[in-house]
Structures are given as structure tokens and as C-alpha cells.
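# Report on the structure
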Amino acid sequence: MLSGETIYINKMQEIIASFDGTVSISNNAIYPIEPGDNIFQLHPFFQSLELSILNGNNIYFTFPCINLLLGERNYYCDVIIKKEKDFMAVLLFNYSDHYREMQEKIQKIKGEKFKS
Amino acid sequence: MAAVKKIVLLGHFGVGKTSLVRRYIDSAFSEDYLVTVGVHVKKKEVIVNDEPVTLIIWDIEGNNSIEKARSSYLLGTQGFIYVFDITRQETYESIEEEMAFLQEHHDQVPVCLVGNKSDLFTDEFTKEFFKDPEFESCYFTSAKTGDNVEALFLDLAKRTL
Ligand SMILES: Nc1nc2c(ncn2[C@@H]2O[C@H](COP(=O)(O)OP(=O)(O)OP(=O)(O)O)[C@@H](O)[C@H]2O)c(=O)[nH]1
Ligand SMILES: [Mg+2]
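Below is a short write-up of the structure. Just so it is clear, the model here is predicted, and its values are computed rather than measured.

What counts as what
Residues numbered from 1 in each chain as written. Chains lettered and ligands numbered in written order. Predicted model: local features only at pLDDT ≥ 70, side-chain atom pairs only at ≥ 80, totals over all residues. Heavy atoms only, no water. Core = buried A, V, L, I, M, F, W, Y, C linked by side-chain atoms within 4.5 Å. Buried < 20%, exposed > 50% of the residue type's maximum accessible area, 1.4 Å probe, protein only. Helix = DSSP H or I, 4+ residues; strand = E, 2+ residues; numbered from the N terminus. Contact = heavy atoms within 4.5 Å. 1 Å grid on protein atoms, 1.4 Å probe; cavity = no way out; pocket = protein on both sides within 12 Å on 5 of 7 lines; lining within 4 Å. Points joined across faces, edges and corners; volume = space filled by probe spheres on them. Nonpolar A, V, L, I, M, F, W, Y, C, P; charged D, E, K, R; others polar.

### Considerations on the nonpolar core
- In terms of nonpolar packing, the biggest core is built from 53 residues, with F45 and V79 of chain A together with W58 and F84 of chain B touching the most fellow members.
- Ranked by residues supplied to this core, first place goes to strand β3 (residues 60-70) of chain A with six residues.
- Residues in contact with V79 of chain A, not counting those within four places in the same chain, are F45, F46, F61, T62, F63, I66, V90, L91 and L92 of chain A.
- In this structure, L20, V46, V114 and L152 of chain B belong to the second largest nonpolar core, which totals 22 residues.

### Brief notes about empty space enclosed by the protein
- If you walk through the whole model with that rule in mind, you get two cavities of 30 Å³ or more.
- In terms of lining residues, the largest cavity is bounded by L10, G11, H12, I60, E61, N63, S65, I66, A69, Y82 and E98 of chain B.
- Classifying every residue of the lining of the largest cavity by side-chain character gives five nonpolar, four polar and two charged.
- Estimates place the volume of the second largest cavity at around 30 Å³.
- Taken together, I39, F40, F46, L49, I53, I81, M88 and V90 of chain A form the lining of the second largest cavity.
- Where the lining of the second largest cavity is concerned, the elements lending two or more residues are α1 (44-55) and β5 (88-94) of chain A.
- Sort the elements by how many residues they give to the lining of the second largest cavity and α1 of chain A lands first, with three residues.
- Residue composition of the lining of the second largest cavity, by class: eight nonpolar, no polar and no charged.

See the structure below:
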């Protein structure tokens, strides 16, 4: 065990936003977001969730392996959204390295099958 | 404000889901096959019946059956595009089951069935090959030439309203 620092802290971004998407807090471990920014405008992925998050009965959502172009960079993140009483928490896990390795492996398998 | 509609592309690997989105959004095509893992989400603004509509298109990784797709990806979908490859039988032989699955689990959601790679039809191998009832309202598209791609997305957009 390393001392002093945990391993995942730099891979996880916690964003707190109201139901209209307005961000109040973000620890910015992956991508800088200012208080007052709108999470639904961050990326079309979030925009398409707006209706199901606000109107649905679900309060907990997990989305594995979402490709997100944020600024100039492409990330593969797992995204968790938890609806609380009067706000929502959006957790981004930056698993880009893991999913890129996985993509290369699957590329070999499906690429071979596709040719045959 | 524009209505926002979530569209999901389904189908086996290599049928051309990513290529159709790329043709529709970037007017581009590549012969290279770059396998999708997880999901890529893109958007496009269109005008339907004089009203602006924002299509948010989920291009998901290929699966042999919809049941294997991660269920959270399908949440809140307002239109499905089910793509098969006209040149590969395994990609369309279970169409009936696949359509039945959508009917059962997403019965209010419009579905467009799409036979892609129509540029590979020949004088002998034509659309007539797909004359069974399950292909009745099938679109035939080519992401390579762009044939019917715009019409497909516009028709589905209309049906989501
Ligand atoms: N001739 C022809 N080839 C196509 C067409 N559409 C796609 N392809 C080719 O088919 C291969 C697979 O295309 P993709 O768009 O990556 O397929 P996909 O359905 O996204 O595959 P997965 O992401 O693995 O599920 C690529 O080599 C494309 O160039 C088409 O309309 N005509
Ligand atoms: Mg793809």
C-alpha cells in the first residue's frame, strides 16, 4: 500500500448539480467545470439524459464505458448519476487506459472475424 | 427550444453503425473498421415539419442480440435504428426475434430496420432477396455512397414527434 495518497482520487470527478443542470461543486480531477456551468451542456451524452433523469422514477444510474470528448481530449469514463432529494451527484471515473487496452483486444477479435 | 430526441443504433458488429453516423454527421466514410467499445454519443440539429429537433445519437458497440446490450444504454430511447449487413446472413437471420424483443420492452418507441452496404447489391443480388415479411418496411442504405442515409434519420426523427 502506498502511503499518503489513494489511487483513485485522481481518476474520479465528483460533480454536484441542481436538476436543471447548474453545477455548484466539482472537484475537477478530470476536466475543469466552473460553478454555474450546465452539466447538460457539457456533452450530448448528458443532454440526452436530461429527460430520463428529471422525469423518471430511477434515482441511480450507471453507464459503463462512455466515450467523452471534453475540450481537446477523448476519455472513456464510467459515469454514475445519483439523484438526491434536491440535487444530483454525477461521478466520472476516468478509465481511459483500461478501455483503450480493451478496445485493442476486441479490435483483434472482431477484426479477424469480420475479414473471414 | 428544440425538442431533444435520443436515438440508439443497434445491430451486430461490423454492420456499419458507426459509418452511418459518420456519413450522416460528418459526410465522411472510411473503409477501415475501427471497433466501437462502449458508446459514442453525437448530436445533430434537424428541421422537422418546420420545427427544430435535436437528435442525440448513441452509437453503441455491436452485439449479436439486443438482450446483450447494456440496459442503461437503452434507457429513455425515443427511436431505434436496427442495422444489419446485407452481405452477412448472421447479421439478419434473427431479425424477427430482435424486433419482437423491442416490441416487448420498448413498445412505444419507433424502430427503423436498415439493411446497410446497399452499394454491394449487384445485378444478381438485389433488394428482391429481402422479400420476406420481416423486411417489409426495411430501409436500404449505403454509408459508403450516402444513399438513403439522410432520409433514414429524417424519417425516424419525424416518427419520434
Ligand atoms: N461497402 C460498404 N462498406 C461499409 C458500409 N458501411 C460500413 N462499411 C464498412 O464496414 C466495416 C464496419 O463498419 P463500422 O461502421 O465500423 O461497423 P459498426 O457496426 O460500427 O461495428 P461495431 O462498432 O464493431 O459494432 C468498415 O470496414 C466499414 O468501412 C457501406 O455502406 N458499404
Ligand atoms: Mg461502431
